[in-house]
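Analysis of the macromolecular model
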Amino acid sequence: MKTLLRYFSLAKYFLKINIQCGLEYPSYLISWLISNPLQFFFGIITVKVIITNFHALEGWSFEQIAFLYGLGIISHGLSVVFFIQTWYIDYMITDGEFDRLMVRPLNVFFQFCFKDFNFVGITDMLPGLVIFIYGCIASGFSFTVINIIKILLVIIGATALRGAIYTISGSLAFWTKRSGILTSVYLTLFTYTTQYPVSIFPRLIQDLLTFILPLAFISYFPSSEFFGIDTGYRFMGSLSVWTFGVGIAFYLLSMTVFKIGLRRYESCGS
Amino acid sequence: MEQKTTPPVIKAVNLSKEFITKKKESGIKGAVKNLFFAKNTVKKAVDGISFEVQRGEIVGFIGPNGAGKSTTIKMMCGILNPSGGEVWINGLSPKKDRQVIVKDLGVVFGQRSQLYWDLRLGESFELLRRIYEVDKAKYDATMEDLDRILNINDIINTPVRQLSLGQRMRGDLAAAMLHSPALLFLDEPTIGLDVEVKYSICKFIKEINKKYQTTVILTTHDLDDVQALCDRIIIINDGKIVSDSSLEDIIDKTSPERQLIVDLYTDDIQLEHPRAEVVKIEGQRVTLKFRKTEISASELISYISKQYAIRDLSLVETDIDDVIRQIYKQQREPVV
Ligand SMILES: Nc1ncnc2c1ncn2[C@@H]1O[C@H](COP(=O)(O)OP(=O)(O)OP(=O)(O)O)[C@@H](O)[C@H]1O
Ligand SMILES: [Mg+2]
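Before going into details, it helps to say that this report is about the structure given with it. (Residues numbered from 1 in each chain as written. Chains lettered and ligands numbered in written order. Predicted model: local features only at pLDDT ≥ 70, side-chain atom pairs only at ≥ 80, totals over all residues. Heavy atoms only, no water.)

1. Some details on the site of ligand 1
Cys268(A), Lys69(B), Ser70(B), Thr71(B) and His221(B) are the nearest of the 16 residues found near ligand 1. Of the chains in the model, those with residues near ligand 1 are chains A and B. Within the contact set of ligand 1, an oxygen atom lies 2.8 Å away from a side-chain nitrogen or oxygen of Asn65(B). In the model, an oxygen atom of ligand 1 is placed 2.8 Å from a nitrogen or oxygen of the Gly66(B) main chain. Coverage of ligand 1 by the protein amounts to 72% of the 640 Å² it exposes when considered alone. Listed by contribution, the elements that provide at least two residues to the shell around ligand 1 are β1 (10–23), β2 (39–53) and α2 (69–76) of chain B. Per element, the largest residue contribution to the shell around ligand 1 is three residues, and it comes from α2(B). (Near = heavy atom within 4 Å. Polar contact = N/O pair within 3.5 Å; in protein donor to acceptor, adjacent residues only side chain to side chain. Areas by Shrake-Rupley, 256 points an atom, 1.4 Å probe, with all protein chains shown as cover. Helix = DSSP H or I, 4+ residues; strand = E, 2+ residues; numbered from the N terminus.)

2. A short note on the interface of chain B and chain A
Chain B puts 29 residues into the contact, and the matching count from chain A is 28 residues. Carbon and sulfur atoms make up 51% of the surface buried where chain B meets chain A, a total of about 2,700 Å² over both sides. Interface area lost by chain B to chain A is led by Ile79(B), Arg112(B) and Ile131(B), which between them contribute 22%. Connecting chain B to chain A are four salt bridges. Here Lys74(B) and Asp99(A) are joined by a salt bridge, their closest N and O atoms 3.5 Å apart. Our count for the contact surface shared by chain B and chain A stands at 11 residue pairs in polar contact (both at pLDDT 80 or more). (Contact = heavy atoms within 4.5 Å. Buried area = accessible area lost by both parts, 1.4 Å probe. Salt bridge = Lys/Arg side-chain N within 4 Å of Asp/Glu carboxyl O.)

3. A short note on the environment of Thr219(B)
Residues and elements named next belong to chain B. Within the element layout of this structure, threonine 219 appears in strand β7 (residues 215–219). By relative accessible area, threonine 219 is classed as buried at 0%. It is 25 Å that separates the C-alpha atoms of threonine 219 and leucine 121, two residues lying 98 residues apart in sequence. Each residue touching threonine 219, except ones within four places of it in the same chain, is listed here: Phe61, Lys69, Ile73, Leu186, Asp187, Glu188 and Pro189. Within the structure, threonine 219 has its side chain in polar contact with the side chain of aspartate 187 (distance 2.5 Å). (Buried < 20%, exposed > 50% of the residue type's maximum accessible area, 1.4 Å probe, protein only.)

4. Observations concerning the pairing of strand β9 (residues 240–245) of chain B
Note that strand β8 (residues 232–237) of chain B and β9(B) share five bridges and pair antiparallel. The residue of β9(B) that forms the bridge with Ile234(B) is Asp244(B). (Pairing = 2+ DSSP bridges.)

5. Some details on the sheet that holds strand β11 (residues 276–282) of chain B
Hydrogen bonds along the backbone pair up the strands of a sheet, which may run parallel or antiparallel. Residue and element names in this part refer to chain B. As summarised here, the arrangement of the four strands in space is β11-β12-β10-β13, forming an open sheet in which the pairing is antiparallel. The outermost strands of the open sheet, each flanked by one partner alone, are β11 and β13 (310–316). Averaged over neighbouring strand pairs, the angle between their axes works out to 20 degrees when direction is ignored. Both β11 and strand β12 (residues 285–291) contribute to a ladder of six bridges, which runs antiparallel. Across the sheet, residue glutamate 277 finds its bridge partner in β12, namely lysine 289. With respect to the sheet, helix α10 (residues 297–307) is in contact with β10 (257–264), β11, β12 and β13, its orientation differing from that of β10 by roughly 30 degrees. (Axes fitted to C-alpha atoms, helices over the stretch in contact; angles between N-to-C directions.)

6. Some points on the packing of aromatic side chains
What the rule picks out here adds up to 36 aromatic pairs over all chains. Between Phe174(A) and Tyr265(A), the aromatic rings sit 6.4 Å apart at their centres with planes inclined by 70 degrees, giving edge-to-face as the arrangement. Note that Phe174(A) is positioned in helix α9 (residues 173–176) and Tyr265(A) in helix α13 (residues 239–268), a separation of 91 residues in sequence. Both residues of the pair, Phe174(A) and Tyr265(A), belong to the buried class. The ring of Phe190(A) has Arg162(A) sitting right over it, with the charged end atom 5.1 Å from the ring centre. In this structure, Arg130(B) packs its charged tip against the face of Tyr13(A), placed 4.0 Å from the ring centre. (Phe/Tyr/Trp six-rings, centres within 6.5 Å; stacked < 30°, edge-to-face > 60°. Lys NZ or Arg CZ within 6 Å of the ring centre and 35° of its normal.)

7. Focus: helix α6 (residues 165–177) of chain B
Along an α-helix, residues three or four positions apart point the same way, because every turn accommodates 3.6 residues. All names here are of chain B. For α6, spanning 13 residues, the distance from its first C-alpha to its last is 18 Å, which sits close to the expected 18 Å at 1.5 Å a residue. With 11 of its 13 residues buried, α6 lies for the most part within the structure. The complete set of buried residues in α6 reads Gly166, Arg168, Met169, Arg170, Gly171, Asp172, Leu173, Ala174, Ala175, Ala176 and Met177. Tucked into the core, α6 has its buried residues touching β5 (105–109), α4 (121–131), α5 (136–150), β6 (183–187) and α7 (195–212). (Expected span 1.5 Å × (residues − 1).)

8. Here's the deal with the nonpolar core
Counting residues in hydrophobic clusters, the biggest one holds 96 residues, and the most contacted among them are Phe67(A), Phe98(A), Ile10(B), Phe51(B), Met76(B), Phe185(B) and Ile217(B). In terms of residues, this core owes the most to one element, helix α3 (residues 62–83) of chain A, which gives 11 residues. Each residue touching Ile10(B), except ones within four places of it in the same chain, is listed here: Phe51(B), Glu52(B), Val53(B), Met76(B), Val87(B), Trp88(B), Ile89(B), Leu183(B), Phe185(B) and Ile217(B). Grouped together as the second largest cluster of nonpolar side chains are 64 residues, Ile17(A), Leu127(B), Leu184(B) and Ile233(B) included. (Core = buried A, V, L, I, M, F, W, Y, C linked by side-chain atoms within 4.5 Å.)

Function-wise, these values are silent; they only describe arrangement.
And the structure:
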C-alpha cells in the first residue's frame, strides 16, 4: 500500500515535469496543433466524398463512419500521449537509457511507462473528439449512462490495446536492437483498420483482425454494436466489454514480453 | 574480547561475464553467409575475478580499453547478470535484490549522463530526491555540502542539455551523492575534463570518503587521478585481475628505474658504482640510472659527494604511466 502511494505520487510528479518540458517549446506545440488536426479532417472529408459518390459503405452511413472514425482517433491520440516511449525502445537500448533506469530504486517498467508523457499527442486527439461528437449527434447516438460507460470502456480498452501492440513490437528491440521500422508499419495498419469499417476487407483479413491481431475491437466492433449493424461475428455479451477485456489482456501480455526482454538485456547489455 | 568484523561492502568470487556475438563477414558474399550461418563467438569480457572491498576504501580499477572494467561495474550494480561466479553488495546479490542495493548506491558513468536531459539540473535533483525519498531538510544540508565543493548553485537553473561536459559531470556527481549513498561507482568520472574540474572532482571524492566513510570504486585511464585518490589499485587486463595492491607496492614490485641527474663543478668526470649505471656525461652534468630496491638515492648521492663537489641535483621519479604500461605489456607477452 505504501509502495503504491509512493508510485502514485511519483507518477504525478513525472507528469508534472513532462508538461513543464513540453511547454518549453511552445512553437513546436503550435505547429502540431495546426498540422495534426488537418490530417484527420482531410481523412474524414475523403470518406464523405467516397460516400456521396458511392452511397453507403458496406451498410454504414457517413454519420456512422464519422462516429467510428472519431472513436478510433481518440484512442490513437491517447496512445500517442501515453505510449510514445515504446516507439523508441531501440534508441533507449543503444543509448544506455535502461542502464540509467536500472540503477534507480524503482520498478523499471514503471519508470519506462512514465518516462514520457507526450502531451502534444492531444493534438492528435482533438480532431477525433470533434468528429466523434459530430458522429454521435448526427447518427442519433443516445447518451444514456450505460452507453457512456461503454464508450469509456472502449476508449480505455482500445488505448491499452494500441499501447500493448507498441510495447510488444518495441520490446523486440531487446533481441534485434532495432524496431523503429515496425512502428511505421503499425501506424499505417492502425489507420486502415480503425478509421473505416473492417468489413471493407476480405473475410480472411477480417478474421485476422478479430482473432489474431484484434484491431477490429478498437472501433469497428463497438461501433457496430451501438448502431446494431451485423458484422457476421457473434460474441457473448457486450462488444464494448470485449474491447476492454481484449485491451487489458494484451496489455498484461505486453508487460510480460517487456519483462522477458529486460531479462535478455541483463544478459547481453547494450 | 571478541573482535567484531564488519562484512565486506563488496565481495566478488570468480565473477565472469561472457558476451555472445555473431561473427560477421564482410562483402556481399559475407552478408549472405551471415544471414544463414552467422557464427557465434564467445567473448569473455570478465574472466573469473575475485576480490573484496571494505568499507571506506577507495579502489581504482585500471586496465587497457576493453579490459572489462565497465562490465564489472555493471555487474556490481545489477545492470548485467554475471554468466559465472557471484558478487555480493553488503551480502546481497544485485541480480535478486537490485532495488534494495541501488537505494544505497551512487553511480556515475562518465560517458553517459544519468541526468534527465530536458530538465533543469535543479529539477533533476528534485526528481531524484523524490525517487530516493530524501527528506527536505537532509536534502538541503547535502546540497549545501555539494555546492561547497562542486559549485552546483552556478548551474542549478540550466537545462542539462545546455551544460558543458565539465559542468554536466559536476551535476552527475552531485546527483549520485544526493541520497548520501554508502557506496559509489564512478566509471571514468574525469574523462575529458580540464585540470581545474578534475582537481575539484578528486577533492570531492576525497572529502566524501573522509567525511562519510563512503566506499568508492573508480575506473579511469588517468593515472594522476589514481595516484591522488586510490589506496588500492586493481589492474584488470583481458578480463583477469593481474595485480591488486597499493601503488607503492606496484612500483616497488616492478622496481622500475629512477634517474639521478647531478651537476658538478668539473667536466673531468670518472664515476662508477656497482649498483648504478652512468647513462651519460654531458659537460659538467652526469646522469645515473638506478633501482630503488638496489640502492637508495641518498646512498648514491653521498657516494658521489665523496668524490666530487655537487653543485646541484635532481631526482627523476619513475613515470607511473611507464610502470603500468609495463604491466599491461607483460600480460600480453607472458614471460616463459
Ligand atoms: N553488450 C556487449 N556485447 C558484446 N560485447 C561487449 C558488450 N559490452 C562489452 N563488450 C566487450 O567486453 C569487453 C569488455 O568491455 P568493457 O566495456 O567492460 O571494457 P572497459 O574495461 O570498460 O574498457 P574501456 O576502458 O574502453 O571503457 C570488450 O571487449 C567489449 O567489446
Ligand atoms: Mg569502460
